[in-house]
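Below are the chains, spelled out letter by letter.
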2 protein chains.
Amino acid sequence: MESISIGLLGLGTVGAGVVKIVENHQDKLSHQIGCPVTVKKALVQDLEKDRGLDIENSILTLNPEEVLFDPEIDIVVEVMGGIEATKEHLLHALHEGKHVVTANKDLMALHGPELLRAASENGCDLFYEASVAGGIPILRSLVDGLASDRITKMMGIVNGTTNFILTKMTKEGRTFDDVLKEAQDLGYAESDPTADVGGLDAARKMAILSTLGFSMNVDLADVKVKGITEVTGDDIQYAEQFGYTMKLIGYAHREGEKVEVSVEPTLLQNEHPLASVHDEYNAVYVYGEAVGETMFYGPGAGSLPTATAVVSDMVGIMKNMRLGVNGKSAVNPQFPKKLKEPDEIHSKYFLRLHVRDEVGVLAKLTSIFSNHGVSFEKILQNPLDSDEFAEIVLVTHKASLEHYEDILMELKDYEAVHSIESSYRVEGGEKG
Amino acid sequence: MESISIGLLGLGTVGAGVVKIVENHQDKLSHQIGCPVTVKKALVQDLEKDRGLDIENSILTLNPEEVLFDPEIDIVVEVMGGIEATKEHLLHALHEGKHVVTANKDLMALHGPELLRAASENGCDLFYEASVAGGIPILRSLVDGLASDRITKMMGIVNGTTNFILTKMTKEGRTFDDVLKEAQDLGYAESDPTADVGGLDAARKMAILSTLGFSMNVDLADVKVKGITEVTGDDIQYAEQFGYTMKLIGYAHREGEKVEVSVEPTLLQNEHPLASVHDEYNAVYVYGEAVGETMFYGPGAGSLPTATAVVSDMVGIMKNMRLGVNGKSAVNPQFPKKLKEPDEIHSKYFLRLHVRDEVGVLAKLTSIFSNHGVSFEKILQNPLDSDEFAEIVLVTHKASLEHYEDILMELKDYEAVHSIESSYRVEGGEKG
């Protein structure tokens, strides 16, 4: 093999990062794989745009077929984004016998199994490390590093935008809207931030993580999602007072044969390793029955960090090419998917209520909880500005989601409850 | 391949963990490698000892040759410890064409290159993930996950015993001797704790990490080592007052073509990701030019966590066996070793002195520093119980080690300096 040729689909920030790394680290790459690597073609939308790259114009093309059907291209690197059309491109590439690296979490969360099957059928590798937590080699660690263990829990801070926003809200006492604007100005948040702040982006990554970590096809639709748009400064202050940190947590838990996967704002005990993951950083906490607690921390996005993961996947494929063992690394899921029912999901919950400040209200509230077998770990009552109402903040002991939802229904029906201001899951006290 | 047979050298805590994992996770292992795995022989020192394992007596042997020369054994797993005799065993195994997994950091730090060469010459795999930071898949991440990046810095909390001791000293205000005794009672420290508290254990791991991360043969003798035996409660309190956390840090830094590797008690800025790694946990912080900051956190020791790493290495070898590509994964160092001289090592330093409480002393001290071009970031003077002396605590701005050592010499010669109580490196403010 005299050299290995790469074709890029997309040449935005991540694509440009890939080109830079391949140029700057040519020595290291050659040393590892034994031959040079060249970028042969790159699909772009605009031939004239200045990308700050030292790249020949003849490499750029507006026509995807010049990448997908070029017989000299060995590896197609997809960093263009998009779902349906992109999937078709990758299926074409795989049918042409080209290996694929993708950074596309949207695509892998929705069509991962189909693409992986196509790769396997064509004797090709399909690697997607960059799709989850950019610069952190977490997929590799789940598959190889913890190969022999049974993973029972994964908790992830897998969206940098929301972590940046919650960190700033916590440390600087600012509002969601205010910090979102700063994040947009800094380029940490998209001009349309819906997928980030609504939790969808994190949910896609949790579907990919759970599928690998639990060896079970977890679909995006299986992930329960709640974003951070309704998190208030009051919630964050009470969280601090109680010894918790507010984080958007992707939570994947296996008990016996059943799993639950969710993304939701969560009060995390301050002692939990994820509680000190700040700003735009990502981290994935993994609990394995044998290994115990591990955590993988790093940048979740950005041009060069994400490109690092893409190039590492390229190196994996190129090593396999030299050994002649491509298309053999995908392991099919070992288990059928079984999702937990609400009576099988257990957690502590944080609840903030406004109630009439009258005799007997607290007693009635307490009885609503105790009738469902749920008791309090902490409870706090504060007067509100109006004399008429008081604020009650409580954390339950562990309860089933089914019981907790029944309690919420009864509270809504109880006329002394003016409003349920907020309700969050509380995690971090248990390891496994 | 109908089944893969393992031979164990040693059946202590880690060996027993390997046997348990192979038994309990037979399904998962078979699913990944496509055939069952059996432990065929285990070298022990005592045939009668109760190990709490469901293992047939015929598997145990007192004779290493029954493991090393059994033609049916595919993989030799070395968890017996020791250096010279163990090296000979592994060389025999490799010459017999057996793949090797070892958890032996002492051995790999001293004889890693020789053993890896023997493996390569015999077409065998030699994996040693468990030798550094037990349950954390850090070697794999350095080699594969960050394959395309140029790593410039690694900082590690890679000794659980010392991290446990420093955590307890910090949080509970106890003395070194007091906490060491507790650590021994809990089994976190050996009855002879010298290798741990003296820093040698961490130095071995840093030699292995630097060799891989910098692609350069770093020997144990290249690692500058200072242990934690002289760390006092006063040092820890001043550290806290200044916003630092005292940790035993393995520090490996590359600038240009030159590296420095050390293990020493270090004051780490509280914001640094390693500063919140507590108790017996380990973590390795890795800075890559492209990826930026990453950190890998988990248990550094223990029967099952270490066994997890061993079995993951076994899985890697078994996959290679099925693909017929063993003996090809070792990458020879890319660079010749070049160590930094003292004038090329730069750091901030913390210094605590007892000086005569007289007019002019502080001015003279200041001039000793400034004559070497070193200025203070922080300085604090406190009276001591005796009227005669005062305590001065300072943190320098960045200085070369050469200048700093010259300053220490001059301070020792200055008659107003009663004693240099302590001196530590200060790190964590810079990323790269």
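About the criteria used
Residues numbered from 1 in each chain as written. Chains lettered and ligands numbered in written order. Predicted model: local features only at pLDDT ≥ 70, side-chain atom pairs only at ≥ 80, totals over all residues. Heavy atoms only, no water. Pairing = 2+ DSSP bridges. Helix = DSSP H or I, 4+ residues; strand = E, 2+ residues; numbered from the N terminus. Contact = heavy atoms within 4.5 Å. Axes fitted to C-alpha atoms, helices over the stretch in contact; angles between N-to-C directions. Buried area = accessible area lost by both parts, 1.4 Å probe. Salt bridge = Lys/Arg side-chain N within 4 Å of Asp/Glu carboxyl O. Polar contact = N/O pair within 3.5 Å; in protein donor to acceptor, adjacent residues only side chain to side chain. Buried < 20%, exposed > 50% of the residue type's maximum accessible area, 1.4 Å probe, protein only. Domains from an automatic or database assignment. Disulfide = S-S within 2.5 Å. Phe/Tyr/Trp six-rings, centres within 6.5 Å; stacked < 30°, edge-to-face > 60°. Lys NZ or Arg CZ within 6 Å of the ring centre and 35° of its normal. 1 Å grid on protein atoms, 1.4 Å probe; cavity = no way out; pocket = protein on both sides within 12 Å on 5 of 7 lines; lining within 4 Å. Points joined across faces, edges and corners; volume = space filled by probe spheres on them. Nonpolar A, V, L, I, M, F, W, Y, C, P; charged D, E, K, R; others polar. Arc of directions from axis to C-beta.

- Identification of chain A as Homoserine dehydrogenase from Rossellomorea vietnamensis is taken from an unreviewed UniProt entry.

## Quick notes on the sheet that holds strand β1 (residues 4-9) of chain A
Residue and element names in this part refer to chain A.
Right, on to step 1. If you walk across this open sheet you meet the 6 strands as β3-β2-β1-β4-β5-β6, and the pairing is parallel. Strands with a single pairing partner mark the edges of an open sheet, and in this sheet they are β3 (60-61) and β6 (126-127).
Right, on to step 2. Relative to β6, strand β5 (residues 99-102) runs parallel, the two being bridged by 2 bridges. Bridge assignment links V100 to a residue of β6, and that residue is L126.
Right, on to step 3. The strands touched by helix α12 (residues 303-323) are β1, β2 (37-43), β4 (75-78), β5 and β6; relative to β5, the strand with the most contacts, the crossing angle is about 165°.

## Some remarks on the interface of chain B and chain A
One frequent convention defines the size of an interface as the accessible area lost when the parts assemble.
Right, on to step 1. Chain B puts 47 residues into the contact, and the matching count from chain A is 47 residues.
Right, on to step 2. In total, about 4100 Å² of surface goes out of reach between chain B and chain A, with carbon and sulfur atoms giving 57% of it.
Right, on to step 3. Taken together, the links from chain B to chain A amount to 2 salt bridges.
Right, on to step 4. Note that K319(A) is salt-bridged to D144(B), the shortest N-O span being 3.7 Å.
Right, on to step 5. Applying the counting criterion to the chain B and chain A interface returns 11 residue pairs in polar contact (both at pLDDT 80 or more).
Right, on to step 6. Of all elements in the fold, only α2 (26-33), α6 (138-145), β12 (292-299) and α12 (303-323) of chain B reach the threshold of two or more residues within the side of chain B that touches chain A.
Right, on to step 7. Examining the composition of the side of chain B that touches chain A, we find that 8 residues originate from one element, α12(B), more than from any other.
Right, on to step 8. Two elements, strand β12 (residues 292-299) of chain A and β12(B), share 3 bridges in a ladder whose sense is antiparallel. Bridge pairing in β12(B) places F296(A) opposite F296(B).

## Some remarks on the pairing of strand β15 (residues 389-396) of chain A
Residue and element names in this part refer to chain A.
Right, on to step 1. For β15, the tally of buried residues reaches 8 of 8 residues, placing the bulk of the element in the interior.
Right, on to step 2. On β15, burial covers both faces: F389, E391, V393 and V395 on one face and A390, I392, L394 and T396 on the other are all buried.
Right, on to step 3. The sheet contact formed by strand β13 (residues 346-356) and β15 spans 7 bridges and is antiparallel. Counted as the bridge partner of H354 is E391 from β15.
Right, on to step 4. Sheet analysis places strand β14 (residues 376-383) next to β15, joined by 7 bridges and oriented antiparallel. Bridge pairing in β15 links N382 to E391.

## A word on the side chain of R174(A)
Residues and elements named next belong to chain A.
Right, on to step 1. By secondary structure assignment, the location of R174 is in the loop between α7 (160-172) and α8 (176-186).
Right, on to step 2. Judged by its relative accessible area of 19%, R174 is buried.
Right, on to step 3. Among the polar contacts made by the side chain of R174, one reaches the side chain of E182 at a distance of 2.8 Å.
Right, on to step 4. Apart from residues lying up to four places away in sequence, R174 is in contact with K168, M169, V179 and E182.

## Some words on the domain arrangement of chain A
Right, on to step 1. Domains assigned within chain A are domain 1 (4-134 + 303-323), domain 2 (138-299) and domain 3 (342-427).
Right, on to step 2. The gap between the C-alpha centroids of domain 1 of chain A and domain 3 of chain A is 51 Å.

## Concerning the state of the cysteines
Any covalent bond linking the sulfur atoms of two cysteines counts as a disulfide.
Right, on to step 1. One pass over the structure, following the stated rule, counts 0 disulfides over all chains.
Right, on to step 2. With no disulfide of its own, C124(A) lies 17 Å from the sulfur of C35(A), the closest cysteine sulfur.

## Concerning the packing of aromatic side chains
Right, on to step 1. Following the criterion strictly, the structure yields 13 aromatic pairs over all chains and no others.
Right, on to step 2. Taking 6.1 Å as the distance between ring centres and 80° as the angle between the ring planes, the aromatic pair formed by F296(A) and F296(B) counts as edge-to-face. Highlighted residues: F296(A) in strand β12 and F296(B) in strand β12, drawn from two different chains.
Right, on to step 3. With a relative accessible area of 0%, F296(A) lands in the buried category.
Right, on to step 4. Geometrically, the ring pair formed by F164(B) and Y188(B) is edge-to-face, given 4.8 Å between the ring centres and 70° between the ring planes. Here F164(B) is found in helix α7 (residues 160-172), whereas its partner Y188(B) is found in the loop between α8 (176-186) and α9 (194-197), with 24 residues between them in sequence.
Right, on to step 5. By relative accessible area, which is 34% here, Y188(B) ends up partly exposed.
Right, on to step 6. Cluster of aromatic residues (ring-pair linked, three or more members): F242(A), F350(A) and Y424(A).
Right, on to step 7. One cation-aromatic arrangement involves R425(A) over Y251(A); the distance from NZ or CZ to the ring centre is 4.0 Å.
Right, on to step 8. Positioned over the ring face of Y414(B) is K364(B), at 5.7 Å from the centre of the ring.

## Focus on the sheet that holds strand β2 (residues 37-43) of chain B
All names here are of chain B.
Right, on to step 1. If you trace the 6 strands from one edge of the open sheet to the other, you get β3-β2-β1-β4-β5-β6, paired in parallel fashion. Two strands lie at the open edges of the sheet, namely β3 (60-61) and β6 (126-127), each paired on one side alone.
Right, on to step 2. Note that strand β1 (residues 4-9) and strand β4 (residues 75-78) share 4 bridges and pair parallel. Along β4, the bridge assignment pairs G7 with V76.

## Examining empty space enclosed by the protein
To find the voids left in a structure, one rolls a probe of water-molecule size over its atoms.
Right, on to step 1. Applying the stated rule across the entire model yields 1 cavity of 30 Å³ or more.
Right, on to step 2. Here the largest cavity defines a volume of roughly 50 Å³.
Right, on to step 3. Together, E129(A), G134(A), G135(A), I136(A), P137(A), R140(A), T308(A), A309(A), S312(A), G145(B) and L146(B) line the largest cavity.
Right, on to step 4. Looking at which element gives the most residues to the lining of the largest cavity, the answer is α12(A), with 3 residues.
Right, on to step 5. Per-class residue counts for the lining of the largest cavity are 4 nonpolar, 5 polar and 2 charged.

## Focus on α8(A)
Residue and element names in this part refer to chain A.
Right, on to step 1. F176, V179, L180 and A183 are the residues of α8 that are buried. The buried residues of α8 occupy an angular sector of 105° when the element is viewed end-on, so they sit on one face. Away from its buried face by more than 90 degrees, α8 exposes D177 and D185.
Right, on to step 2. On the buried face of α8, the contacting elements are α7 and α9 (194-197).
Right, on to step 3. Note on α8: the residue one or two positions beyond its end, G187, has a positive phi of about 80°.

## Details of the pattern of salt bridges
Residues and elements named next belong to chain A.
Right, on to step 1. Overall, the coordinates contain 69 salt bridges over all chains when judged by the stated rule.
Right, on to step 2. Across the pair E344 and K258 runs a salt bridge, and its minimum N-O distance is 3.1 Å. Here the residue E344 occupies a position in the loop between α12 and β13, and K258 occupies one in strand β10 (residues 258-269), the gap between them amounting to 86 residues.
Right, on to step 3. Because the salt bridges share partners, they merge into one network encompassing E255, E260, E264, K340, R425 and E427.

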